[in-house]
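Residue-level structural notes
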Amino acid sequence: MSKIYDLHSHSDYSDGILSPSELVSRAYEQSVNVLALTDHDTLAGIAQAQAAASSCGLDLIPGIEFSCQWNGRGIHIVGLNIDTGNEQLLSAVEEQRQRRELRTETIAKKLHKVGIEGSLHWVQQKAGKGTIGRPHFAQFLVEKGHVRTINLAFKKYLGAGKPGDVKNLWPNIEDVCGWIRAAGGHAVLAHPDKYKLTRTKLRELCADFKEAGGAAIEIVSGKQQANVTQNIMGLAKEFDLLGSLGSDFHQPHQPWQELACCGVLPEGVKPVWQNWG
């Protein structure tokens, strides 16, 4: 019987709500055999997840999801099977922490300018030990009654060109792929369908990602339409990229992003894990 892989998940060290050990327990309950913890720009939850995985017999792949930019667009690159003690990687994580801190303060100032006060303290309290991201600001805007839904928070305040938009903060894809490779890992282009790029632009991104040292692409991200999977498979073959898959799990009771909901890689795709020990 083939193993069930889920190579994209988040704990409360970034924008998930479960602790790393709770995440591992839920993955085990969902019959996941190999899980990657890929919190945003941090490695802080890996040790706890590894300890929990050892106790239940699940294989834990150390990972991270880096924020970066390509042609002025925000792109996410997952690093899988990385050496979490690599000095270049640790230095990069610290750089990202500082960037996130600056971004958080800048978003709060921008919201303040349009009459929305108190966001900085609120998101800091909400995130706790985790890294702060735009979803925390979106939750603030909903809970304080500025908008009705998370989607509207992005549409009105946090999306591209909106009052809380912060541009040109993240590193480029060449730097991120370099950090991951230096740590012995595989760089994976995360959820390519979510960027809402035209086919031409997505091909350009894949070409630049491959040239930068990218190794793989997420063929399946959460529950996904079959035609989307077929399109991404075509890109993997065209640009000689390995295949990965993951739920992009953040919290329970979201069946479209539940652990193991991504199923298995389609036949004909070379898996990113093919040469792992």
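Our structure's up above, just so we're on the same page.
A short tour of the structure in this document, coming up. (Residues numbered from 1 in each chain as written. Predicted model: local features only at pLDDT ≥ 70, side-chain atom pairs only at ≥ 80, totals over all residues. Heavy atoms only, no water.)

This part covers the side chain of N86. Residue placement: N86 occurs in the loop between β4 (73-80) and α3 (87-113). Polar contacts involving the side chain of N86 include one to the main-chain amide nitrogen of L89, which spans 2.9 Å. Among residues more than four places away in sequence, those in contact with N86 are A182 and A183. (Helix = DSSP H or I, 4+ residues; strand = E, 2+ residues; numbered from the N terminus. Polar contact = N/O pair within 3.5 Å; in protein donor to acceptor, adjacent residues only side chain to side chain. Contact = heavy atoms within 4.5 Å.)

Once that is clear, we can look at the nonpolar core. Counting 70 residues, the largest nonpolar core has L7, L35, I77, I219 and V272 as the members making the most contacts within it. Element by element, the count of residues in this core is highest for strand β3 (residues 59-70), at six residues. (Core = buried A, V, L, I, M, F, W, Y, C linked by side-chain atoms within 4.5 Å. Buried < 20%, exposed > 50% of the residue type's maximum accessible area, 1.4 Å probe, protein only.)

Our focus in this paragraph is the sheet that holds β3. Spatially, the seven strands line up as an open sheet ordered β1-β2-β3-β4-β5-β6-β7, and their pairing is mixed. Strands with a single pairing partner mark the edges of an open sheet, and in this sheet they are β1 (5-6) and β7 (242-246). Across four bridges, β4 lies against strand β5 (residues 186-189) in antiparallel orientation. Pairing of G79 across the sheet is with A187, part of β5. Lying on the sheet, helix α8 (residues 199-211) is in contact with β3, β4, β5 and β6 (216-221); it crosses β5 at an angle near 175°. (Pairing = 2+ DSSP bridges. Axes fitted to C-alpha atoms, helices over the stretch in contact; angles between N-to-C directions.)

Its location among the elements puts R100 in helix α3. Classification of R100 as buried rests on a relative accessible area of 8%. In this structure R100 touches H40, D41, S67, T131, I132, G133 and W170, once residues within four positions along its chain are discounted.

Moving on: the environment of Q88. Examined against the element boundaries, Q88 turns out to sit in helix α3. For Q88, a relative accessible area of 43% translates into the label partly exposed. Along the sequence, Q88 and W179 sit 91 residues apart, while their C-alpha atoms lie 6.4 Å from each other. In contact with Q88, other than residues within four places in its own chain, are G178, W179 and A182.

So, on to the pairing of β4. The sheet contact formed by β3 and β4 spans eight bridges and is antiparallel. Paired with I64 across the strands is G79, a residue of β4. Hairpin connection from β3 to β4: two residues lie between these consecutive antiparallel strands, with N71 at a positive phi of about 50°.

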